[in-house]
Amino acid sequence: METIPVVIQIIGLTGATLFMLYIFRLIVRGQLREEYSIVWILCTIILIVFSIWRRGLEQISLALGVFYPPSLIFLAAIFAIIIFLVHLSVVVSRLQNHIKTLTHELAYLKQEVAMLKENSGQAADGPPILTES
Amino acid sequence: MTKDRILVIVPCFNEEEAVAAVIEDINRAKNRYSLHLDILAVNDCSTDGTLAVLKRANCLHLDLPVNLGIGGAMHAGYKFAFRNGYDIAVQIDGDGQHPADELMKILQPIFDGEADIVIGSRFLNRSGFQSSTMRRVGINYFRRLNQILIGQTIYDSTSGFRAFNRLALSTVNVYYPDEYPEPEAIVQFGLHQLRMTEVPVTMRERQGGVSSINTSRAIYYMVKVTLGTLFIYARLRNKLKHQMA
């Protein structure tokens, strides 16, 4: 198998650099939190490494006993994507729990404020039992 | 009667047509049986005039700023009951399915100290609204699932007409399932060794609004509730085993 052509190498490098810049811009603008950017920066670094190290993929594939080097890319990429998606599902679930708790607290506060306004003047000790009619 | 402070929780999502009558019903029952009782309506971010109806009604209300679904709304109510020191919490749906006249039936076993949780069941006497055939097939399936997991037979595991005592409230204060919580919660209660009793009640057809479960959601419901039930079993069995050891 031949090494990667120089043109592809340049395209790869430019693409990876632009991607990295885009990620940085998102962080600067506050649209992406640093902790979630780590994985993307790592990906970009891997891309850059392989763009520079022309025989890298081939050598790693040989070492792992993979006959067709591109399939190693797919294997690694799909694996990484799945892991990251699961991670995001975990994050979303956690957020959902937080939202639920916050919603509850907010509802209690609203109720308390409404009650206080209603019996303003009277001391509000404990929850009101509505007056027996 | 009894000195127990009772909170009747009425979850409502777009129930402007029915909820006022439901609250009036409960207030009538409160006076008839002279119960020490508050009504807490939980408005689950309704998009219709439910909130305005609740503000005029003779009850407490919580207004959730985000739609949490029936489980999240009930959890809000149970937490409220626990924090504010109520002895008993009762769930009565805002759509008018659960007649307040039956309130005493599901409260009595708790007054007598015979149960921690009382579930109003449509199927013990087979009177009143019985739900469609398909739904009954689903309910039978959950009955079997519960039998296998906690060895207890609850005939109407999807019934939302329930009463909890303080001990049960302390459990649901910590955790209550989110979506379609009723069958899942039964497994939770079983594993916490709470005493559950079913009493026969007569239910009506809903008086307004639409069911959250239509045909297309039925399959999702079955899958979601089965998963929820199995996972809550797995989670709690390990946790409670550790606590006992």
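Residue positions are counted from 1 within each chain, in the order its sequence is given. Whichever chain is written first becomes A and whichever ligand is written first becomes 1, with later ones labelled in order. For a predicted model such as this one, the threshold for reporting local features is a pLDDT of at least 70, and the threshold for listing and counting side-chain atom pairs is 80 or more; totals across whole chains, interfaces and linings nevertheless cover every residue. As a convention, hydrogens and water are excluded, and side-chain values are obtained from all of the structure's heavy atoms.

1. A word on the UniProt feature "coiled-coil region" (unreviewed entry) in chain A
- In this numbering, the UniProt entry assigns the feature "coiled-coil region" (unreviewed entry) to residues 92–119 of chain A.
- The span residues 92–119 of chain A shows a helical share of 96% and a strand share of 0%, and its end C-alpha atoms are spaced 40 Å apart. UniProt positions are given in the numbering used here, feature names are shortened, and annotations may be inferred rather than shown by experiment. Each helix corresponds to a stretch of at least 4 residues labelled H or I by DSSP, and each strand to a stretch of at least 2 residues labelled E; elements are numbered beginning at the N terminus.

2. Describing the UniProt feature "transmembrane region" (unreviewed entry) in chain A
All names here are of chain A.
- Residues annotated in UniProt with the feature "transmembrane region" (unreviewed entry) correspond here to residues 6–24, 36–53 and 73–92.
- Helix makes up 94% of residues 36–53 and strand 0%, with an end-to-end C-alpha separation of 27 Å.
- Summarising residues 73–92: 100% helix, 0% strand, and an end-to-end C-alpha distance of 28 Å.

3. A word on the UniProt feature "domain: Glycosyltransferase 2-like" (unreviewed entry) in chain B
- Residues annotated by UniProt as "domain: Glycosyltransferase 2-like" (unreviewed entry) correspond here to residues 8–169 of chain B.
- The distance separating the terminal C-alpha atoms of residues 8–169 of chain B is 13 Å; by composition the span is 41% helix and 18% strand.

4. Concerning the domain arrangement of chain A
All names here are of chain A.
- Note: domain ranges come from an automatic or database domain assignment. Partitioning chain A into domains gives domain 1 (1–54) and domain 2 (67–121).
- Each of domain 1 and domain 2 was reduced to a C-alpha centroid, and the two centroids are 28 Å apart.
- Across the contact, four residues belong to domain 1 and five residues belong to domain 2.
- Buried area counts how much accessible surface, traced with a 1.4 Å probe, disappears from two parts once they are put together, with both parts' losses summed. Carbon and sulfur atoms make up 84% of the area that domain 1 and domain 2 hide from each other, which totals about 370 Å². Throughout, a residue-residue contact means that at least one pair of heavy atoms, one from each residue, lies within 4.5 Å.

5. Digging into the pattern of salt bridges
- By salt bridge we mean one thing: a side-chain nitrogen of Lys or Arg within 4 Å of a carboxyl oxygen of Asp or Glu. All chains considered together, the criterion is met by 13 salt bridges over all chains.
- A salt bridge links R83 of chain B to E105 of chain A, with the nearest nitrogen and oxygen atoms 2.5 Å apart. Of the two residues, R83 of chain B is situated in helix α3 (residues 69–83) and E105 of chain A in helix α4 (residues 69–118); the pairing between them involves two chains.
- A 1.4 Å probe rolled over the protein chains alone gives each residue an accessible area, and that area as a share of the maximum for its type sets the label: buried under 20%, exposed over 50%, partly exposed in between. What makes E105 of chain A partly exposed here is its relative accessible area of 29%.
- Across the pair R122 of chain B and D156 of chain B runs a salt bridge, and its minimum N-O distance is 2.8 Å. Of the two residues, R122 of chain B sits in the loop between β5 (117–121) and α5 (133–150) while D156 of chain B sits in the loop between α5 and β6 (162–165), which places them 34 residues apart along the sequence.
- Residue class for D156 of chain B comes out buried when judged on its relative accessible area of 0%.

6. Notes on the nonpolar core
Residue and element names in this part refer to chain B.
- Here the nonpolar core consists of buried residues drawn from Ala, Val, Leu, Ile, Met, Phe, Trp, Tyr and Cys, with membership extended through side-chain atoms lying within 4.5 Å. Counting residues in hydrophobic clusters, the biggest one holds 45 residues, and the most contacted among them are L62, Y78, F80, I117, F164, F189 and M196.
- Beyond its immediate sequence surroundings of up to four residues, M196 is in contact with I117, I119, I150, Q152, I154, I186, F189 and G190.
- Membership of the second largest hydrophobic core comes to 33 residues, among which are V8, V22, L54 and A100.

7. Examining helix α2 (residues 34–52) of chain A
Residues and elements named next belong to chain A.
- Between its first and last C-alpha, α2 extends 26 Å over 19 residues, near the 27 Å set by a 1.5 Å rise per residue.
- Burial in α2 covers these residues: S37, T44 and S51. Buried residues of α2 fall within an arc of 35° about the axis and therefore sit on the same side.
- Here the buried face of α2 lies against α1 (6–28). Here, expected helix span is obtained from the residue count minus one, scaled by 1.5 Å. Directions pointing from the helix axis toward each C-beta atom define the arc.

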